[in-house]
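# What the coordinates show
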Amino acid sequence: MTEKRKSIHGSWSGRLAFVLAATGSAVGLGNIWKFPYIAGENGGGAFVLVYLACIAVIGIPIMMAEVMLGRRGRQSPINTMRSLAKEAGANPAWRWLGWAGVLAGFLILSYYSVIAGWALAYVFRAAAGTFTGATAEGIASIFEQLTGDPERLLAWHTLFMVMTMIVVARGVRSGLEQAVRFLVPALFVLLILLDGYALASGAFDEGLAFLFTPDFSKISANGVLIAMGHAFFTLSLGMGAIMVYGSYLPERASIARTSITIAFLDTLVALMAGMAIFPIVFVNGLEPGAGPGLIFQTLPIAFGHMPGGALFGTLFFVLLVFAAWTSAISLIEPAVAWLVENRGMTRIYASVYAGIATWAFGLLTVLSFNTWADFKPLYFIEIFEHYTIFDLLDYLTANIMLPLGGLFIALFSVWVMRRNDSVQELDMGDSSAYGLWYVLVRYVTPIAVLLVFLNVTGLIELSGLSGQTE
Ligand code: TRP
């Protein structure tokens with residue numbers, strides 16, 4: 001048996017801290033900002049159903065695999081993959097999986113921070129009472145003024161990156177653990193409140209029907225890929241974020257139970273956000289497919305008309321910022337851990353270094369919403385015809401890099417790593433629960449990911465799903 005490794009970066013205080021940190025990573029802009037608008041763009045119910053299936057069948061097993069690899073390797077994903085490959089007598093090239101993850105995290109954070117900047121800006125708009133009594137058009141123009149101005153976007157993006165790097169620089173336990181302890185409960189309370197408002201809006205049924213009545217003629221093959229990509233994105237899978245968090249996990253904690261809890265909470269937040277937003281969309285005659293601006297153009301209407309709306313609006317955007325914040329740190333942690341391990345940097349120096357690079361790359365996203373809004377780099381490919389640089393970054397990372405990363409994590413866990421090692425690490429014994437995980441990760445996940453990819457690229461046609469592109 002190999003000797004247990006120890007992380008040089010410290011560890012969580014216990015299982016609860018890990019659950020909170022991983023939930024903090026999972027619950028973010030993906031749940032509240034992205035899920036509603038991509039569900040809206042891809043026809044609603046059928047999309048939601050595919051997304052839920054992907055969470056259950058692909059997401060949870062891969063999350064278990066990632067936590068397992070991290071806890072066994074106890075280092076940044078790059079070094080973890082290298083050590084575990086060596087231990088299994090496999091090719092050291094597996095460390096490239098860690099590098100691909102670092103790159104994906106860097107690309108995602110570069111745009112994530114810009115969107116989180118919108119949320120920051122909205123904290124101040126809400127607090128100033130800007131939304132009070134405003135019409136849907138008024139709210140839309142507030143949004144356009146913000147995104148149309150590169151200097152403002154840059155300022156908020158900068159502020160958010162600085163906030164992120166401060167927490168990362170402080171390390172695993174200080175600050176972060178404390179922050180997530182009140183964030184998750186508070187977010188739930190506010191979402192319940194918003195759902196209450198939506199319930200009273202008179203269009204709650206219409207919202208529910210949109211989200212939960214599957215109409216498979218409304219979803220394209222590309223929509224299926226987007227749903228699967230989002231399952232990875234929302235659970236923070238496929239790039240090593242959960243792996244690096246797993247590397248700080250104490251030995252005695254059930255990986256299966258923990259992963260299911262995290263996935264459940266994450267899904268709950270997404271569905272609650274959807275149920276709050278779509279009734280407001282329908283009551284105000286807005287377009288569910290409005291795109292990335294959706295929540296910024298709908299929720300302020302609710303805040304503008306409910307009693308105490310300025311207060312709740314402010315709280316809501318504060319929480320959205322917090323949710324984004326606890327996610328952002330996990331996007332950069334693998335890179336920072338590696339810089340500390342292999343370049344001998346202090347955490348502070350490593351954070352500054354990684355943060356500046358990410359910040360600079362974020363300028364591409366800042367400009368995608370204004371100066372370069374008409375620049376569609378891949379206009380000659382049908383599905384990317386209308387995609388800006390931001391849209392392409394999002395598509396490339398969420399729908400291609402994360403599922404591929406997840407695919408290789410799955411392959412490594414059950415084809416490369418010794419079965420005994422995963423039995424021991426997952427600590428479920430050689431039970432039927434373990435057997436189910438094994439089959440899902442060994443066959444179901446890889447096949448599902450490959451089928452969706454091949455279908456989108458047109459190499460094969462899954463009946464009933466192909467044909468329509470919009
Ligand atoms: N899951 C987060 C969200 O839904 C985003 C995120 C954090 C993420 N870490 C990640 C996405 C790692 C992919 C990979 O907002």
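Refer to the structure presented above.
The paragraphs below set out a description of the structure included in this document. Bear in mind that the values here come from a model prediction, so they are computed numbers and not experimental data.

How each quantity is defined
- Residues numbered from 1 in each chain as written.
- Predicted model: local features only at pLDDT ≥ 70, side-chain atom pairs only at ≥ 80, totals over all residues.
- Heavy atoms only, no water.
- Axes fitted to C-alpha atoms, helices over the stretch in contact; angles between N-to-C directions.
- Helix = DSSP H or I, 4+ residues; strand = E, 2+ residues; numbered from the N terminus.
- Parallel < 35°, antiparallel > 145°, perpendicular 65-115°, else oblique.
- Left-handed = near helix turned anticlockwise from the far one by under 90°.
- Contact = heavy atoms within 4.5 Å.
- Nonpolar A, V, L, I, M, F, W, Y, C, P; charged D, E, K, R; others polar.
- Near = heavy atom within 4 Å.
- Polar contact = N/O pair within 3.5 Å; in protein donor to acceptor, adjacent residues only side chain to side chain.
- Areas by Shrake-Rupley, 256 points an atom, 1.4 Å probe, with all protein chains shown as cover.
- Patch = residues over 30% accessible without salt bridge, like charges linked within 9 Å, V, L, I, M, F, W, Y side chains within 5 Å.
- Salt bridge = Lys/Arg side-chain N within 4 Å of Asp/Glu carboxyl O.
- Buried < 20%, exposed > 50% of the residue type's maximum accessible area, 1.4 Å probe, protein only.

For the rest of this paragraph, the subject is the packing of helix α3 (residues 45–73) against helix α10 (residues 221–234). Close contact between α3 and α10 brings their axes to 8 Å; oriented N to C, the two are set at 45°. By the criterion of interaxial angle, the relationship of α3 to α10 is oblique. Here α3 and α10 pass one another in a crossing that is right-handed. Two secondary-structure elements touch here, α3 through F47, V50, Y51, C54, I55, I58 and I62 and α10 through G223, V224, I226, A227, M228, H230, A231, F232 and T234. Per-class residue counts for the contact of α3 with α10 are 13 nonpolar, three polar and no charged.

Around the ligand, a shell composed of 17 residues is seen, among which G30, Y112, F233, S236 and S330 lie nearest. Between the ligand and F233 there is a distance of 2.8 Å, counted from a nitrogen atom to a backbone nitrogen or oxygen. Expressed as a share of its isolated accessible area of 360 Å², the protein-covered part of the ligand is 100%. Residue assignment for the shell around the ligand shows that the elements contributing at least two residues are α1 (15–26), α2 (29–41), α5 (95–127), α10 and α14 (309–343).

Of note, L286 is situated in the loop between α12 (255–283) and α13 (294–305). Between the C-alpha atom of L286 and that of V336, which follows or precedes it by 50 residues, the distance is 42 Å. Those residues in contact with L286 that sit more than four places away from it in its chain are A136, V281, Q297, T298 and I301.

What follows deals with a nonpolar patch on the surface. A cluster of nonpolar side chains, contributed by V57, W415, V439, Y443, V444, I447 and L451, occupies part of the molecular surface with about 580 Å² of accessible area. For the nonpolar patch, the element with the most residues is helix α19 (residues 432–456), which contributes five residues. With respect to the helices and strands, the residue Y443 is situated in helix α19. What makes Y443 partly exposed here is its relative accessible area of 40%.

For the rest of this paragraph, the subject is the packing of α5 against helix α15 (residues 347–361). Two numbers describe how α5 lies on α15: the axes approach to 8 Å, and their chain directions differ by 60°. One finds that α5 runs oblique with respect to α15. As α5 packs across α15, the resulting crossing turns out to be right-handed. Residue-level contacts link F106, L107, L109 and S110 of α5 to A357, T358 and F361 of α15. Of the residues that constitute the contact of α5 with α15, the class distribution is five nonpolar, two polar and no charged.

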